[in-house]
Amino acid sequence: MLSFEVFPPKTDDKYDSVKHATEEIAKLRPAYMSVTYGAGGGTSDYTLSIASNIKDNYGVPSLAHLTCVSSDTETVRAQLTKMKEFGIENVLALRGDIPEGEENTVRAYSYASELVREIKEFGDFCIGGACYPEGHVESQSQKEDILHLREKVDAGCEFLTTQMFFDNNILYNFLYKIREAGITVPVVPGIMPVTNGAQIERICKLSGTYLPQRFKQIVDRFGSDPDAMKQAGIAYATEQIIDLFANGVNAVHVYSMNKPDVAEKIMENLSCIIGKNEGGAL
Ligand code: FAD
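Residues numbered from 1 in each chain as written. Predicted model: local features only at pLDDT ≥ 70, side-chain atom pairs only at ≥ 80, totals over all residues. Heavy atoms only, no water.

Engineer: So what's going on with the packing of helix α5 (residues 142-155) against helix α6 (residues 168-180)? Residues and values would help.
Structural biologist: The contact between α5 and α6 brings their axes to 10 Å, and the two run at 55°. Considering the angle they form, α5 stands oblique to α6. For the crossing formed where α5 meets α6, the hand is right-handed. In contact with Gln 142, Ile 146 and Leu 149 of α5, α6 contributes Phe 174, Lys 177 and Ile 178. (Axes fitted to C-alpha atoms, helices over the stretch in contact; angles between N-to-C directions. Helix = DSSP H or I, 4+ residues; strand = E, 2+ residues; numbered from the N terminus. Parallel < 35°, antiparallel > 145°, perpendicular 65-115°, else oblique. Left-handed = near helix turned anticlockwise from the far one by under 90°. Contact = heavy atoms within 4.5 Å.)

Engineer: Describe the pairing of strand β5 (residues 126-131), naming the residues involved and giving the relevant values.
Structural biologist: For a regular strand, the rule is simple: side chains alternate between the two faces of the sheet. For β5, the tally of buried residues reaches five of six residues, placing the bulk of the element in the interior. Once you follow strand β4 (residues 90-94) into helix α4 (residues 112-122) and on to β5, the crossover reads as right-handed. Bridge count for β5 against strand β6 (residues 159-162) is four bridges, and the pairing is parallel. Paired with Gly 128 across the bridge in β6 is Phe 159. (Buried < 20%, exposed > 50% of the residue type's maximum accessible area, 1.4 Å probe, protein only. Right-handed = clockwise from strand over helix to strand, strands pointing away. Pairing = 2+ DSSP bridges.)

Engineer: Can you tell me about the state of the cysteines, naming the residues and giving the values?
Structural biologist: Counted by the stated rule, this structure contains zero disulfides. Lacking any disulfide linkage, Cys 131 is separated from the closest cysteine sulfur, that of Cys 157, by 9.0 Å. (Disulfide = S-S within 2.5 Å.)

Engineer: Can you explain the site of the ligand? Please cite residues and give values.
Structural biologist: With respect to spatial proximity, 24 residues lie near the ligand, and among them Tyr 37, Asp 97, Tyr 132, Asp 145 and Lys 152 are the closest. His 136 is positioned such that a nitrogen or oxygen atom in its side chain is 2.9 Å from an oxygen atom of the ligand. Surface burial for the ligand is 85%, taken as the share of its 980 Å² of free accessible area covered by protein chains. Going through the elements one at a time, β3 (62-67), β4 and α5 are the ones with two or more residues in the shell around the ligand. (Near = heavy atom within 4 Å. Polar contact = N/O pair within 3.5 Å; in protein donor to acceptor, adjacent residues only side chain to side chain. Areas by Shrake-Rupley, 256 points an atom, 1.4 Å probe, with all protein chains shown as cover.)

Engineer: Account for the environment of Pro 260, naming residues and giving values.
Structural biologist: With respect to the element layout, Pro 260 can be found in helix α10 (residues 260-269). For the pair Pro 260 and Val 6, spaced 254 residues apart in the sequence, the C-alpha separation amounts to 9.9 Å. Each residue touching Pro 260, except ones within four places of it in the same chain, is listed here: Ala 21, Glu 24, Ile 25 and Leu 28.

Engineer: Account for the packing of aromatic side chains, naming residues and giving values.
Structural biologist: Evaluated as defined, the whole model comprises four aromatic pairs. With a centroid separation of 6.5 Å and 35° between ring planes, the pair formed by Phe 122 and Phe 125 is classed as tilted. Judged by relative accessible area, which is 27%, Phe 122 ranks as partly exposed. We classify Phe 125 as buried; its relative accessible area is 9%. Aromatic ring contacts, followed pair by pair, group Phe 166, Phe 215 and Tyr 236 into a single cluster. (Phe/Tyr/Trp six-rings, centres within 6.5 Å; stacked < 30°, edge-to-face > 60°.)

Engineer: How would you summarise the packing of α6 against helix α9 (residues 226-246) if you had to cite specific residues and measurements?
Structural biologist: At a closest axis distance of 10 Å, the pairing of α6 and α9 adopts a crossing angle of 35°. Crossing angle aside, the handedness with which α6 passes α9 is right-handed. Along its contact with α6, which presents Asn 168, Leu 171 and Tyr 172, the element α9 presents Gln 240, Asp 243 and Leu 244. In terms of residue class, the contact of α6 with α9 is made up of three nonpolar, two polar and one charged. (Nonpolar A, V, L, I, M, F, W, Y, C, P; charged D, E, K, R; others polar.)

Engineer: With reference to specific residues and values, describe the nonpolar core.
Structural biologist: Residues Leu 2, Leu 66, Met 83, Ile 119, Leu 160, Ile 241 and Val 252 are the most contacted members of the largest nonpolar core, which totals 61 residues. The residues contacting Leu 66, other than those within four sequence positions of it, are Tyr 37, Val 76, Gln 79, Leu 80, Met 83, Val 91, Leu 92, Ala 93, Leu 94, Leu 115 and Ile 119. Core analysis: the second largest hydrophobic core is formed by 14 residues, Met 164, Cys 204, Leu 211 and Ala 232 among them. (Core = buried A, V, L, I, M, F, W, Y, C linked by side-chain atoms within 4.5 Å.)

See the structure below:
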């Protein structure tokens, strides 16, 4: 099965166009759609209105992201109360990036596992969390990162979505290591169809994501031609997804970035594969 990720508008004037884009993606009938959350909570109401619109008017289950690093307990509880009012049942519990210069600030929540516990206590949500096949940038080692991941799962995380990666072997190795560490919840690999070469090089540098030579060649050759880059990026993502399905993965999350044409093309490329890949364990 395939799911898609969208993000809320940062400003009021963009709301209608973002809403329209998310509706076009919902019409493709993915297994579910996730809606991101501004780290500072600035667009929190838009996260909820977009997530509930997808669910109520298009029948597509929604997963609302929630970050905690810049929030106090009251704000988090208020957001959870609103989620219930909107009928949202699935939440991706995240820490969020620590704003620059605030590394030593005392905060209500330091790690996502604390938010997971808070949501669990609140009750009646299916809770997911993030994981990093190449290790989170702040971690000293992957071993340490996986130990903390185990704590997050033990706190009540029922499934995990991965950070993007461009070499499936990294994911297979990671799955092997976390299963060995006793993490048994479903893991949904996150795949990013790259449509902007310069942007992806910057993002990967920041997040420490490995760009295989094969992928770099594509960016070098097609990065300055938007149409060619889009076509090549979609083809690369499609290939990654087919390989994941062929190797026993049953659910893939696509970072579709509010781009209905990209989501549609990926669905089209996998039209005979997705139906045969329903059900089964992740
Ligand atoms: P955590 O699970 O808390 O981990 C953060 C770091 O702390 C890791 O290095 C971990 O090893 C370490 N750690 C955990 N527990 C402990 C402990 N007890 N002691 C010491 N170290 C510990 N950001 C947004 O702002 N909005 C979004 O909507 C959003 N969606 C995302 C969706 C996915 C699928 C992913 C992969 C990321 C998303 N992010 C989002 C980015 C995310 O907020 C950042 O990557 C953030 O830096 C880490 O968040 P986390 O929930 O993984 O944190």
